[in-house]
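# Remarks on the overall topology
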Amino acid sequence: FAISFGDEGRNPEKNQIDKIVVQVKESSQIGPTTDILKKMMTRRHAGTKDVEIRVPELLLKQEQRTKDIFNIVLGAIAGISLLVGGIGIMNIMLASVMERIKEIGIRQAIGARKRDIILQFLTEATLLSISGGIIGIIFGLGLTKIIMEVTGILTIITPLSIMISFGVSASVGIIFGYMPARRAALQDPVESLRHE
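Residues numbered from 1 in each chain as written. Predicted model: local features only at pLDDT ≥ 70, side-chain atom pairs only at ≥ 80, totals over all residues. Heavy atoms only, no water.

The subject of this paragraph is the overall build of the chain. In terms of helices and strands, the chain carries 6 helices and 3 strands. For the chain, with 196 residues in total, the buried portion stands at 24%. Contacts in the chain between residues at least 24 apart in sequence constitute 71% of all its contacts with a sequence separation of at least 6. When the accessible surface of the chain is summed, it comes to about 14,300 Å², and 64% of that surface belongs to carbon and sulfur atoms. (Helix = DSSP H or I, 4+ residues; strand = E, 2+ residues; numbered from the N terminus. Buried < 20%, exposed > 50% of the residue type's maximum accessible area, 1.4 Å probe, protein only. Contact = heavy atoms within 4.5 Å. Areas by Shrake-Rupley, 256 points an atom, 1.4 Å probe, with all protein chains shown as cover.)

Applying the stated rule across the entire model yields 3 salt bridges. With its nearest N and O atoms 3.0 Å apart, the salt bridge here joins Arg100 to Glu103. Of the charged contacts, one joins Glu124 and Arg100 as a salt bridge, the two residues approaching to 2.9 Å between their closest N and O atoms. Here Glu124, found in helix α4 (residues 114-151), pairs with Arg100, found in the loop between α2 (57-99) and α3 (101-109); they are 24 residues apart in sequence, far enough to count as distant. Given a relative accessible area of 27%, Glu124 falls into the partly exposed group. Here the salt bridges do not stand alone but share partners, grouping Arg100, Glu103 and Glu124 into one network. (Salt bridge = Lys/Arg side-chain N within 4 Å of Asp/Glu carboxyl O.)

Contact pair α4 / helix α5 (residues 159-185): the axes reach a minimum separation of 7 Å and the direction vectors enclose 150°. One finds that α4 runs roughly antiparallel with respect to α5. For the pair α4 and α5, the sense of crossing is right-handed. (Axes fitted to C-alpha atoms, helices over the stretch in contact; angles between N-to-C directions. Parallel < 35°, antiparallel > 145°, perpendicular 65-115°, else oblique. Left-handed = near helix turned anticlockwise from the far one by under 90°.)

Right, dumping it as structure tokens:
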């Protein structure tokens, strides 16, 4: 923002400052900085209000709008990635069920209940998505470090965000792994044992 000085009592022969531009690192510090500058200039000018402090509100609004758009785009990319990853897990688990029909039949024949079969395939799907989540977290941590080094943009990663991403990856495994697990549990034991 800019600090402009009034013309009252100005001597044109003397070199005087008529404008000071102040820049802050964080936009959240603009309000407190403005208040401090107002108090300081009022004290230095013996209470005379011959100073105007202008904050470029348009630039601040534009910065906030850019941040909001950036967050929406990142959220959309993350959502699409989760959907694609979930569909991938579901396809892998469906293929696994088809390949292991005989194994499912044997388990059912020796007393495994539908709940046991569902739990087995849900556990596999969840482990698959959790391992993908761990790889994603490691990759994300490395990428943020590279971004900070190369561009100087401050990136903040909190333990809560890591826990949320880990929870989301586990949830994707459970949600998209349920259908293949249920399909495995509904296999007829006799037909499964005959399957080649």
